[in-house]
Amino acid sequence: MGLPVEVGGPGPGADISAIKTAYSRHIGRKILLVGVLLGLTGATALVATAVGAAGISVADVWRVILSHLGVPVTLESDLAETVVWEIRLPRILLATITGMSLAGAGAVMQGVLRNPLVSPYTMGLSSGAAFGAALAIVLGTGLVGGNYLDVSRWLIVTNAFIFGGLTTLLAFSLARFKGMAPETLVLGGVAVGYLFQAGVSLLKYISNNDALKELVVWLMGGFWGADWQTVMLLTPVVLFCMAGLLLYAWDLNVLGAGEEVAASLGINVGRLRVYTLTLTTLAAAATVAFTGIIGFVCLVGPHICRMLVGSDNRFLIPCSCLMGAVLLLLADTLARTIIAPTEIPVGIITALMGSPFFIYLLIKKKRQWWG
């Protein structure tokens, strides 16, 4: 007798169903991770607002926020309201927005240029912003010459923003001679960055003691000037830029398979690079103009998220934004409290946190960055 033959076994329909189920589970885990990071960002912000020289409970922080949202609550003291609403909360929100901007911009730049070491800073943005700030601090002048504004914070911010964006524009101009090749863009940014660094060094050399001290403090990065006006100005800019980048997440995913593949599928690679790099530069330059140079967040945040959610930009971009916010909130809290009441520039803390982690990544990474 022959062996019985099984009839009605699994066919192509069952295979497709299994693939859909596995895909849904995979996507669900990534959505859950983004949700967890969102909750972690909110919790970190609440705790960071409570921590400081004047001890305030998380419950008091929450009551102050609710009272300003129109919810009838009883506040324990006027001191808590003043400290939370006027001093700490604007700073915490500025740190959150800055972390989102830098890490989100870093993730997109690394993807669109296919280089794991690229960030707004390696493209020369920080050097350009530093030169603009140095012009305002040392010479009291702006791009168009003359004291078109009082020598004040807004002159520094305006100069830093203009020159920060100018570095990317110059890098684009250099890259056009080579057809917008990624390596030319990166090297062009590095070259322009060194040019502006030389300008900063010259301005340091000719500055007086007071101007030199102010410039050095600005270059270290920090949130000393945080206020509600700054938060209200930067929040829509950063959210608009990140939302615009998310609209092209699928195109960035396809570009990860190679320029030839992307072009064969109808993606204009050159236009995609111009669009995404313009938005990342706008977001990063806007925040750096107010905070000074805060390094490593734009490198470390995206790499942590790439290990957690992979290179799918639909999830990598929001995950990087939230991770950058958490990292910068932790760094700022350490900067305010580690030797309180003295405050350390937050750029020093991010460098101390980011350098060992990045060295670890470079040593331990066994596979290709883009696979």
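Summary of the structure given here. Note that the structure is predicted; figures quoted are calculated from it, not measured.

Focus: the overall build of the protein chain
Next up, step 1: Scanning the protein chain for helices and strands turns up 14 helices and 0 strands.
Next up, step 2: Overall, the protein chain shows an N-to-C arrangement of helices and strands of α-α-α-α-α-α-α-α-α-α-α-α-α-α.
Next up, step 3: Looking at the protein chain as a whole, 48% of its 371 residues qualify as buried.
Next up, step 4: Restricting to contacts in the protein chain with at least 6 residues of sequence separation, those with at least 24 account for 73%.
Next up, step 5: For the protein chain, the exposed area adds up to about 18000 Å²; of that, 67% sits on carbon and sulfur atoms.

Describing the pattern of salt bridges
Next up, step 1: In total, this model carries 6 salt bridges according to the counting rule given.
Next up, step 2: Between Arg91 and Glu343 there is a salt bridge whose closest N-O contact spans 2.5 Å. Residue Arg91 is found in helix H3 (residues 78–112), and its partner Glu343 is found in the loop between helix H13 (313–337) and helix H14 (346–364); the two are separated by 252 residues along the sequence.
Next up, step 3: Residues Asp312 and Arg314 are paired through a salt bridge, measuring 2.6 Å at the closest nitrogen-oxygen approach.
Next up, step 4: The exposure class of Asp312 is buried, given its relative accessible area of 13%.
Next up, step 5: Taking the relative accessible area as the measure of exposure, Arg314 reaches 24% and is therefore partly exposed.
Next up, step 6: Several salt bridges converge on common partners, so that one network encompasses Arg91, Asp332, Arg336 and Glu343.

Some points on the packing of aromatic side chains
Next up, step 1: Evaluation of the coordinates by the stated rule reveals 6 aromatic pairs.
Next up, step 2: Centre to centre, the rings of Trp85 and Trp228 are 4.7 Å apart; their planes meet at 35°, and the pair counts as tilted. Residue Trp85 is located in helix H3, and its partner Trp228 is located in helix H8 (residues 228–246); the two are separated by 143 residues in the primary sequence.
Next up, step 3: Pairwise contacts between aromatic rings join Phe131, Phe163 and Phe196 into one cluster.

So, the environment of Leu89
Next up, step 1: Examined against the element boundaries, Leu89 turns out to sit in helix H3.
Next up, step 2: Take Leu89: its relative accessible area is 9%, and that puts it in the buried class.
Next up, step 3: With 39 residues separating them along the chain, Leu89 and Ala50 place their C-alpha atoms 9.4 Å apart.
Next up, step 4: Beyond its immediate stretch of four places on either side in the chain, Leu89 contacts Thr49, Ile65, Val84 and Trp228.

Comments concerning the nonpolar core
Next up, step 1: By size, the foremost hydrophobic cluster in this structure holds 79 residues, and its most contacted members are Leu102, Leu113, Trp218 and Ile294.
Next up, step 2: Tallying contributions element by element places helix H11 (residues 269–291) first for this core, with 11 residues.
Next up, step 3: Trp218 has contacts with Ala129, Ala130, Ala133, Ile137, Ile156, Ala160, Val288, Ala289, Thr291, Gly292 and Ile293, leaving out every residue within four places of it along the chain.

A closer look at a nonpolar patch on the surface
Next up, step 1: Residues Leu330, Leu334, Ile338, Ile339 and Met353 make up a contiguous nonpolar surface patch of about 420 Å² in total accessible area.
Next up, step 2: Mapping Ile338 onto the fold places it in the loop between H13 and H14.

Structural notes on the packing of helix H4 (residues 125–139) against helix H6 (residues 182–206)
Next up, step 1: One can describe the packing of H4 onto H6 by two numbers: an axis separation of 8 Å at closest approach and a directional angle of 20°. With respect to their mutual orientation, H4 and H6 come out roughly parallel. Handedness of the H4/H6 crossing: left-handed. Counted together, Ser127, Gly128, Ala130, Phe131, Ala134, Leu135, Val138 and Leu139 of H4 and Gly193, Phe196, Gln197, Gly199, Val200, Leu203 and Ile206 of H6 form the full contact between these two elements.
Next up, step 2: In terms of residue class, the contact of H4 with H6 is built from 10 nonpolar, 5 polar and no charged.

Considerations on the side chain of Ser207
Next up, step 1: Examined against the element boundaries, Ser207 turns out to sit in the loop between H6 and helix H7 (209–220).
Next up, step 2: Exposure remark for Ser207: the relative accessible area of 14% places this residue in the buried category.
Next up, step 3: Separated by 2.9 Å, the side chain of Ser207 and the backbone oxygen of Lys204 make a polar contact.
Next up, step 4: With near-sequence residues (within four places) excluded, Ser207 lies in contact with Val138 and Leu212.

Here's the deal with H3
Next up, step 1: Along its 35 residues, H3 runs 50 Å from first to last C-alpha, staying within 8% of the 51 Å computed at 1.5 Å per residue.
Next up, step 2: Along its length, H3 reaches its greatest deviation from straightness, about 45°, at Arg88, and the proline Pro90 lies no more than four positions downstream.
Next up, step 3: Across the 35 residues that make up H3, a large majority, 28, are buried.
Next up, step 4: Looking one or two residues beyond H3, the residue adopting positive phi is Arg114, at roughly 50°.

Some words on unusual backbone geometry
Next up, step 1: Unlike most non-glycine residues, Arg114 shows phi in positive territory, near 50°.
Next up, step 2: Within the secondary structure, Arg114 is located in the loop between H3 and H4.
Next up, step 3: Assessed through its relative accessible area of 32%, Arg114 is described here as partly exposed.

Examining the environment of Ala129
Next up, step 1: In this fold, Ala129 is placed in helix H4.
Next up, step 2: Through-space distance from the C-alpha of Ala129 to that of Phe196 is 8.8 Å; in sequence the pair is 67 residues apart.
Next up, step 3: Apart from residues lying up to four places away in sequence, Ala129 is in contact with Ala160, Phe163, Gly164, Trp218 and Val288.

About the thresholds
- One numbering rule holds for all chains: residues counted from 1, following each sequence as written.
- Restriction of local features to residues with pLDDT of at least 70 applies here, the model being predicted, together with a cutoff of 80 or more for giving and counting side-chain atom pairs; totals for whole chains, interfaces and linings are based on all residues.
- The basis for the side-chain values is all heavy atoms of the structure; hydrogens and waters are excluded.
- Strands are runs of DSSP state E lasting at least two residues, helices are runs of H or I lasting at least four, and both sets are numbered from the N terminus onward.
- Only protein chains enter the calculation, and the probe is 1.4 Å; a residue is then buried if its accessible area is under 20% of its type maximum, exposed if over 50%, and partly exposed in between.
- Working rule for contacts: check all heavy atoms of both residues, and any pair within 4.5 Å makes them a contact.
- Throughout, the Shrake-Rupley method with a 1.4 Å probe supplies accessible areas, and for residues the shown protein chains are the sole cover considered.
- Salt bridge criterion: a side-chain nitrogen from Lys or Arg within 4 Å of a carboxyl oxygen from Asp or Glu.
- A pair of Phe, Tyr and Trp rings is counted when the ring centres sit within 6.5 Å of each other, with Trp represented by its six-membered ring. The angle between the planes then sorts it: under 30 degrees is stacked, over 60 is edge-to-face, the rest tilted.
- Buried residues of nine kinds, namely Ala, Val, Leu, Ile, Met, Phe, Trp, Tyr and Cys, make up a nonpolar core once their side-chain atoms join them within 4.5 Å.
- Surface patches are defined over residues having more than 30% relative accessible area and no salt bridge, joining like charges when they lie within 9 Å and nonpolar side chains (Val, Leu, Ile, Met, Phe, Trp, Tyr) when within 5 Å.
- Axis definition: a line fitted to C-alpha atoms, over the contacting stretch in the case of helices. Angles run 0 to 180 degrees between N-to-C directions.
- Angles are sorted into four bins: roughly parallel if under 35 degrees, roughly antiparallel if over 145, roughly perpendicular if 65 to 115, and oblique for all others.
- By convention, the crossing between two helices is left-handed when the near helix turns anticlockwise from the far helix through less than a right angle, and right-handed when the turn is clockwise.
- Gly is put with the polar residues, along with every residue not named as nonpolar or charged; the nonpolar set is Ala, Val, Leu, Ile, Met, Phe, Trp, Tyr, Cys and Pro, and the charged set is Asp, Glu, Lys and Arg.
- Pairs of N or O atoms are called polar contacts if they sit within 3.5 Å, as long as, within protein, a hydrogen donor faces a hydrogen acceptor (for residues adjacent in sequence, only side-chain-to-side-chain pairs).
- Here the expected length of a helix is defined as 1.5 Å per residue gap, with one fewer gap than residues.
- Throughout, bend refers to the angle between the axes fitted to the seven residues that end at a position and the seven residues that start at it.

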